[in-house]
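What the coordinates show
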Amino acid sequence: MKRKILLSILMVAGFCTQLLAQVVVTGNVTDATDGSPIIGANIVEKGTTNGTITDVNGNYSLTVADENSIVIFSFIGYSNQEITVGTQTTIDAVLATDAADLDEVVVVGYGVQKKSHLTGAIAKVKNEGLDQVAVSQASEALVGKVSGVTIQTTDGTAGSEPTIRVRGVGSISADASPLIVVDGVVADFSEVNMNDVESIEVLKDAASAAIYGSRGGNGVIMITTKSGKEGKTVFSVNSYAGIRYTPKYEDTFATVSEWNEVVKANNGGELTDRMKYINELGTETDWRDVMFDGGMVQNYSLSARGGSENVKYYISGGYLDDEGVLLTDEFQKVNLLAKVDAKVNDWLTVGTRIAPTYSEKRDFPIGIHDAVRQSPWLPIRHTEHTIQYVDRNKYPDVQVGDYTFERHFDNYDFYGNGSDVDISTTSNANPYAKVVERDERLYDFRLSTNSYLKFKLAKGLNFKTSLALNYRVKQDVEFQGSEAHRNGSSAMYSANDVDIYKKTVNENIFSYNRTLGDHEVSAVAGFAFEKWENKYSDMQGTGYEFDYIKTINAASVKSQAETFETSETLHSIISRMNYAYKGKYLASFSARWDGSSRFGEDTRYGFFPAGSFGWRVSEEDFLSSSELISNLKLSASYGLTGNKNGINLYQYLSNLQPTTAVIDGSKVTGFNPMNIANPNLGWEQSEEINLAVSLGLWNNRLNFNVDVYERNSVDLLLEQPMPGVTGFESATVNIGEVRNRGVELAVDGLILNNSLIKWDASANLTLNENELVDYADASGEINYIDSKRPAEYIALVGYPISSYYGYVYEKDIPQEYIKNPNYPINAESQDVYVKDLNGDGFIDEDDRAILGSPYPTVVWGVTNNFKVKNIDFSFTFQGSHGGKVRNMDPQYINNQFAGNMDYTSDFPDADKVVERIYTDKFVQDASYVTLRTINLGYALPKSWISRVGLSKARLYVSGQNLIYLMADDYTSFNPEGVTDDSNPLMGGYQRGAAPIAKTITFGVNLDF
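Residues numbered from 1 in each chain as written. Predicted model: local features only at pLDDT ≥ 70, side-chain atom pairs only at ≥ 80, totals over all residues. Heavy atoms only, no water.

On average, the protein scores 88 in pLDDT, and the residues at 70 or more come to 94%. Contacts of residues 1-20 to residues separated by more than four positions or lying in other chains number zero contacts, the stretch itself having pLDDT below 50. (pLDDT = per-residue confidence, 0-100. Contact = heavy atoms within 4.5 Å.)

Below, the discussion takes up unusual backbone geometry. With omega at 5°, the peptide bond leading from Tyr-823 into Pro-824 counts as cis. Locating Pro-824 in the fold gives a position in the loop between β43 (809-812) and β44 (831-834). One non-glycine residue with positive phi stands out, namely Tyr-110, at about 60°. Within the secondary structure, Tyr-110 is located in the loop between β8 (105-108) and β9 (111-114). Of the residues examined, Tyr-110 reaches a relative accessible area of 15% and is grouped as buried. Even without being glycine, Lys-869 reaches a positive phi, approximately 55°. (Helix = DSSP H or I, 4+ residues; strand = E, 2+ residues; numbered from the N terminus. Buried < 20%, exposed > 50% of the residue type's maximum accessible area, 1.4 Å probe, protein only.)

It is worth spelling out the pairing of strand β18 (residues 295-307) at this point. Note on strand geometry: in a regular strand, side chains alternate between the two faces of the sheet. Pairing of strand β17 (residues 231-245) with β18, which is carried by twelve bridges, proceeds in the antiparallel orientation. Directly across from Phe-235, in β18, lies its bridge partner Ala-304. The pairing of β18 with strand β19 (residues 311-322) spans eleven bridges and is antiparallel. Residue Val-297 lies in a different strand from β19, and its bridge partner there is Asp-322. Between the antiparallel neighbours β18 and β19 lie three residues. (Pairing = 2+ DSSP bridges.)

Turning to the sheet that holds strand β48 (residues 884-887), a few remarks are in order. Spatially, the three strands line up as an open sheet ordered β50-β48-β54, and their pairing is mixed. Looking at strand neighbours, the two that pair on one side only are β50 (923-925) and β54 (989-990), the edges of this open sheet.

What follows deals with the pattern of salt bridges. In the structure shown here, the tally under the stated rule is 44 salt bridges. The shortest N-O distance in the salt bridge between Asp-439 and Arg-441 comes to 2.8 Å. You can call Asp-439 buried: its relative accessible area is 16%. Arg-441 gets classed as partly exposed once you look at its relative accessible area, which sits at 28%. Here Lys-502 ties to Glu-533 by a salt bridge, and the two come within 3.5 Å at their closest N and O atoms. Placement of the pair is Lys-502 in strand β26 (residues 493-516) and Glu-533 in strand β27 (residues 519-542), with a sequence separation of 31 residues. Under the relative-accessibility criterion, Lys-502 is labelled partly exposed at 34%. You can call Glu-533 partly exposed: its relative accessible area is 28%. Sharing partners across several salt bridges, the network here consists of Glu-710, Arg-739, Arg-741, Glu-769 and Glu-771. (Salt bridge = Lys/Arg side-chain N within 4 Å of Asp/Glu carboxyl O.)

Given below as structure tokens:
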């Protein structure tokens, strides 16, 4: 009993001693610039999860273990401050802003580097509000934020990835998209949830991208996701919901009543029989309203972030549902992310990252041009009124509720005298049925994992080995029902494509970072191995009897069944060294050797070196004390990068394909060569020079960055015509050269910063010129995409890769020579007069000219951010000028196929006209200016939200593309839209591009 009593006394005494040792610290946290209180600043006892935040007046109170405790003060946008408690019970912290801090760390390939020490062209974008932009793909939130980067909404359907180009198009046959790297692993933008993004760096010049060698030729975009932080767990909720819609496009189509006036003006004040019949029918459909039905968009994200000194974690989950603006358009995505980093001991750190993503997308199955081109008088379904006009001789089974066809209304005895009137303009199925009776879906599962071990070998020397796995299963399913096509059940079909993709990456990297007096040295060296494996299967079925079972086993004919398997490897040796002397003389050198199984033994390995130099002039004695110039840096870089994606696997070999032959009366299976072997086939290479000036004024409150560059892409992988005696039409060889050169300007500044208002702004401008420098014997090559509408392109040395080619419009054919100028509604003649450019009195191929190119000459963006007390407001304007599109939509919208609009037999100038599609009437200005994003938010006072356990609560309303101004001569729905951007030789081709969506959303950001 006495022992128990003694033990209890000792325990109580120990507890009391612990209580006596604890120290209660109070104080205030303020901004060093203006002394204003910082609301919501984090105060954490170092090495623990014990912490708190400041209240609405910047005050705090925190109980720490003892006088030896260290308190960390931090807040986004400010430099951290650490203070030892000692004998103090009141600690006031003054935090300095680091928004313009040149010691900010920038992520580069295989490491990080001080912003002040950068000598290459690297742009950084922090996620400050980007996660509030309602986008299906994270890349869309970058539009207008970075000079030198063009992001186009080429496909406006929900979930579609935009087209991204860094410093123009440098390849003809290879993919011109930049390399995407997520947390150090090559990945895809579509795997990323913007709520998880910490920052995005764009490596624009070859000196920065050469560390990625054969894949850096089109630039590199590096995405760093959020990681755990020391301190108590912080839960964050980010959510928004809203609507998407399109403008009316009122000038695109004429209504029935509007066309009545056109007909009267051209027909002596009288309506034609056709228009009288249409008016009696009395139905009208605005196909834009039907197809552009708008939809909801909603996004929900929950994350947890925290950890101790040794273990840090970040876990998040997100759900997106985007209904787009088109009738059947919808995209849904679920994503998870888990990251854990653990310091095992003083010499070993381990970490893992796992990110599964699943998405479903239902497509809009036909082109917009096809969906909206049918006559405005056509209803969607038959009613008791419309059924009486149906031609029962041809369509005896049509009933009320069935889909209408234009041909249903032909052969109508309007006057009751046997004189039939026809009003149809097409035999196509009802456009609504063509959309809803088709079901096209894409199911996509991705799993990205990465684990690493990091060893501290000596002071400043580390070794990191990592293993990453990317796994993807993509299934594309299509079904066309019996009512989706004019041929009914005989046109029913289904298709099922499955693509299984696996990528394994092992990287082993040594890194060294030391500061020795005036010398700063950092270096990386190592090797990597990557392997891609792909399995693909394709099945199709026809001969369905009904619409209820859509699987291929219900088809009576299995029309196609094939499988493919491929494998590819890449071996790499990686090296880079950065050096700085006294923080003002800078140099960086890198080299990478890549060996790809796409090439033969003699050309398998490519060498990609780079070097850059910088001089921080502002650190020299004659400027170091300047009150005006706080930063002045001059830099220059040169490097080589590559591209291997312009050829199929093993094309350097003579590949074989199965065939059959008859020998001695029997069918025998054999093989034929598919291509001409070329063992010398090698890498595309890009050689780039970059000169840059960085200038900061008034303690970096105003900053300018100017880059001038020239990139020459050589040894392009192209198809060269071959003599017929070889048995092949062409062979892949290394020929040709493309040049991109331009100027990039970026400006940012803190315009106002006082106790009432904070206003910062940024702007960027990009000028780029694309030129085909060498195309061997193929200069002047004419190309076209669609054999039915062979509008021409020309690849001519001295001009951009892709140039529109054709005739110059002069005037329309007079109406007296048009067979029936009054019908169809909205119709235009197919042929027009064109200019005799060479003056020989004839219109022939010699009168064609270059009509422009798809590449903009100027792209810009301007962003403003305001904060007044608890209210924040920001907006971004963005624009593009100088580029053009070959817009084929008017041919459909304006019924230029209609025989009624052909010229009459007595037309005297048949030798002076050509089809409109071959003229500059179809090459239209793709310039635009848009209010890309706008955001208004309100942070609820801390005194309110603290009562319910919240540390942050912000409500906001956001908009996208609410203002979108197009060029006067553009006559469709999306000047950014491109139907097919896979071939740079025929860029800017537009036929039925989905419209630009306007979006309004309401959102909330919560921390607790």
